[in-house]
Amino acid sequence: MAKILAFINQKGGVGKTTTCCGVASAFRKKKLSTLLVDVDPQGNLTYITNADTGNAGIADIFTKKGNIANLIQKTQQGDIISANPSLAADGLLRGANKEFRLKEALLPVSDAYDYILIDCPPSLGILSINALTAANGVIVPVQADILSLQALGQFSATFSAVQTHTNKELSFLGLVITRYNARAIINQEIAKLLRQTAGKLGTKVYDTYIRENISVKEAQGAREDIFSHSPRSNAAADFKSLADEIVKDTSRS
Ligand SMILES: Nc1ncnc2c1ncn2[C@@H]1O[C@H](COP(=O)(O)OP(=O)(O)OP(=O)(O)O)[C@@H](O)[C@H]1O
Ligand SMILES: [Mg+2]
């Protein structure tokens with residue numbers, strides 16, 4: 001069975017998609033078979049992996065029309081189930097057990113992968129609840145700024161509700177500090193506060209900080225894997241190091 005990890009934070013623009021994609025690239029380099037799932041109607045992960053946004057995508061399993069195996073696209077950045085435009089439709093998910101649709105849909109392909117990584121939208125609505133219900137572990141990308149700290153309280157309430165109602169086994173693996181600038185004193189100070197907050201929430205901050213690095217934007221612009229585009233960049237080193245930490249954590253469970 002694949003380990004299913006949700007990259008989530010209801011705060012926008014904190015690096016969820018970038019971290020999800022970078023970790024997937026590092027996993028593939030380690031020869032771990034990995035499936036990316038884009039459940040964000042913005043489709044940013046779909047775009048940067050150069051996947052087809054035309055027709056079939058994750059919305060099809062929410063409306064119970066699609067066979068999941070037919071939705072998997074093979075791209076140069078690995079296997080992905082894209083976000084298709086109808087993912088943004090109001091009322092896409094209806095009826096009893098609507099929180100469990102993604103979990104049930106992923107079951108048939110779960111044995112084919114070591115990891116399934118889900119990129120969530122910047123909200124705590126039903127799409128994110130589906131991701132949290134399907135996942136074994138949660139990784140929360142955060143920037144070292146005060147608004148990220150504020151957002152964590154709201155996220156932790158949702159996390160607890162999911163643990164109570166739809167996924168008792170869900171584990172809060174940790175926070176990942178993104179776009180870090182070691183020369184900014186404020187970044188260092190907030191990183192310290194994030195460690196304290198993580199402790200209070202019963203989780204941790206990963207030792208690897210993802211540094212601010214122009215190669216991230218360049219690789220995304222070229223729609224290439226960071227390890228192919230800029231193998232010697234800080235970003236490639238950071239995503240490799242973070243992936244190593246995640247593998248260590250998730251091999252224990
Ligand atoms: N380490 C980094 N170095 C430089 N730029 C970065 C880095 N990480 C993310 N970015 C940039 O920050 C912006 C936001 O990143 P990203 O799209 O990954 O965030 P997000 O949390 O997924 O956003 P959303 O909430 O809209 O889904 C993007 O333009 C991305 O290129
Ligand atoms: Mg995103």
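*Asks:* What exactly am I supposed to notice about the pattern of salt bridges here?
*Replies:* Any two side chains of opposite charge can pair, so long as their charged atoms come close to each other. Counting across every chain of the model gives 7 salt bridges. Arg-28 is the salt-bridge partner of Asp-225, the closest N and O atoms lying 3.2 Å from each other. Taken as a pair, Asp-225 in the loop between helix H9 (214-222) and helix H10 (226-229) and Arg-28 in helix H1 (residues 16-29) lie far apart in primary sequence, 197 residues in all. Taking the relative accessible area as the measure of exposure, Asp-225 reaches 10% and is therefore buried. Here Lys-74 ties to Asp-79 by a salt bridge, and the two come within 2.9 Å at their closest N and O atoms. Here the residues in one salt-bridge network are Lys-30, Lys-240 and Asp-244, joined through shared partners.

*Asks:* I keep staring at the site of ligand 1 and nothing clicks. Help me out?
*Replies:* Taken together, the neighbourhood of ligand 1 is formed by 18 residues, with Lys-16, Thr-17, Thr-18, Arg-179 and Gln-220 sitting nearest. Asp-40 is positioned such that a nitrogen or oxygen atom in its side chain is 3.5 Å from an oxygen atom of ligand 1. Within the backbone of Arg-211, a nitrogen or oxygen atom sits 3.0 Å from a nitrogen atom of ligand 1. Its free accessible area being 630 Å², ligand 1 has 86% of it covered by the protein chains. Across the shell around ligand 1, the residue classes tally to 4 nonpolar, 8 polar and 6 charged.

*Asks:* What am I meant to see in the sheet that holds strand S6 (residues 137-143) here?
*Replies:* Neighbouring strands of a sheet are bound in pairs by backbone hydrogen bonds; such pairs are parallel or else antiparallel. Here 7 strands make up an open sheet; going across it, the order is S3-S4-S2-S5-S1-S6-S7 and the pairing mixed. One side of each edge strand has no neighbouring strand; the edge strands of this open sheet are strand S3 (73-75) and strand S7 (171-178). For this sheet the average axis-to-axis angle between neighbouring strands, irrespective of direction, equals 25°. Sheet strands touched by H1: strand S1 (3-7), strand S2 (34-38), strand S4 (78-81), strand S5 (115-119), S6 and S7. Its angle to S5, the strand with the most contacts, is close to 165°.

*Asks:* What am I meant to see in the nonpolar core here?
*Replies:* Taken as a class, soluble globular proteins show a tendency for nonpolar side chains to be buried jointly. Counting residues in hydrophobic clusters, the biggest one holds 53 residues, and the most contacted among them are Leu-102 and Ile-118. Leu-102 has contacts with Val-39, Ile-58, Ile-61, Phe-62, Ile-118, Asn-130, Ala-131 and Ala-134, leaving out every residue within four places of it along the chain.

*Asks:* Before we go on, may I ask you to explain the environment of Ala-105 in this structure?
*Replies:* Within the fold, Ala-105 resides in helix H5 (residues 101-110). Given the relative accessible area of 14%, Ala-105 is considered buried. Separated by 101 residues in the primary sequence, Ala-105 and Tyr-206 have C-alpha atoms spaced 30 Å apart. Excluding residues within four positions of it along the chain, Ala-105 makes contact with Ile-61 and Ile-68.

*Asks:* Teacher, can you tell me more about empty space enclosed by the protein here?
*Replies:* Left-over empty space is what a probe sized like a water molecule reveals as it rolls over the atoms. Under the counting rule described, the total for this entry stands at 1 cavity of 30 Å³ or more. Each pocket or cavity is described by its volume, and for the largest cavity that value is around 120 Å³. Taken together, 13 residues line the largest cavity, and the ones lying closest to its centre are Cys-21, Ala-219, Gln-220, Glu-224 and Ile-226. Considering each element in turn, the lining of the largest cavity owes the most residues, 4 residues, to H1.

*Asks:* Even after reading the chapter, I still don't get a nonpolar patch on the surface, so can you show me in this structure?
*Replies:* Among the surface-exposed residues, Ile-146, Leu-147 and Leu-193 lie close enough to one another that they form a single nonpolar patch of about 270 Å² accessible area. Position of Ile-146 relative to the elements: it lies in helix H7 (residues 146-165). Residue class for Ile-146 comes out exposed when judged on its relative accessible area of 53%.

*Asks:* Honestly, the packing of H7 against helix H8 (residues 185-200) in this entry has me stumped. Any pointers?
*Replies:* Each pair of packed helices can be summarised by the angle the axes make with each other and by the distance between the axes. Interhelical geometry of H7 versus H8 gives an angle of 10° and a closest axis separation of 10 Å. With respect to H8, the element H7 is oriented roughly parallel. Here Ile-146, Leu-149 and Leu-152 of H7 come into contact with H8, specifically with Ile-190, Leu-193, Leu-194 and Thr-197.

*Asks:* Sorry, what's going on with the environment of Ser-160 here?
*Replies:* Take Ser-160: it is sitting in helix H7. Taking the C-alpha atoms as reference points, Ser-160 and Lys-192, 32 residues apart in sequence, are found 24 Å from one another.

*Asks:* What is the right way to read the layout of surface pockets from this model?
*Replies:* Quantified by volume, the largest pocket comes out at close to 440 Å³. In terms of lining residues, the largest pocket is bounded by 24 residues, among which Gly-13, Val-14, Gly-15, Thr-18 and Gln-220 are the most central. Broken down by secondary-structure element, the contributors of at least two residues to the lining of the largest pocket are H1, helix H2 (44-48) and H9. Of the residues forming the lining of the largest pocket, the biggest block, 4 residues, is contributed by H1. A per-class count over the lining of the largest pocket returns 6 nonpolar, 11 polar and 7 charged. Taken as a whole, the second largest pocket spans an internal volume of roughly 220 Å³.

Basis of the calculations
- Residues numbered from 1 in each chain as written.
- Chains lettered and ligands numbered in written order.
- Predicted model: local features only at pLDDT ≥ 70, side-chain atom pairs only at ≥ 80, totals over all residues.
- Heavy atoms only, no water.
- Salt bridge = Lys/Arg side-chain N within 4 Å of Asp/Glu carboxyl O.
- Helix = DSSP H or I, 4+ residues; strand = E, 2+ residues; numbered from the N terminus.
- Buried < 20%, exposed > 50% of the residue type's maximum accessible area, 1.4 Å probe, protein only.
- Near = heavy atom within 4 Å.
- Polar contact = N/O pair within 3.5 Å; in protein donor to acceptor, adjacent residues only side chain to side chain.
- Areas by Shrake-Rupley, 256 points an atom, 1.4 Å probe, with all protein chains shown as cover.
- Nonpolar A, V, L, I, M, F, W, Y, C, P; charged D, E, K, R; others polar.
- Pairing = 2+ DSSP bridges.
- Axes fitted to C-alpha atoms, helices over the stretch in contact; angles between N-to-C directions.
- Contact = heavy atoms within 4.5 Å.
- Core = buried A, V, L, I, M, F, W, Y, C linked by side-chain atoms within 4.5 Å.
- 1 Å grid on protein atoms, 1.4 Å probe; cavity = no way out; pocket = protein on both sides within 12 Å on 5 of 7 lines; lining within 4 Å.
- Points joined across faces, edges and corners; volume = space filled by probe spheres on them.
- Patch = residues over 30% accessible without salt bridge, like charges linked within 9 Å, V, L, I, M, F, W, Y side chains within 5 Å.
- Parallel < 35°, antiparallel > 145°, perpendicular 65-115°, else oblique.

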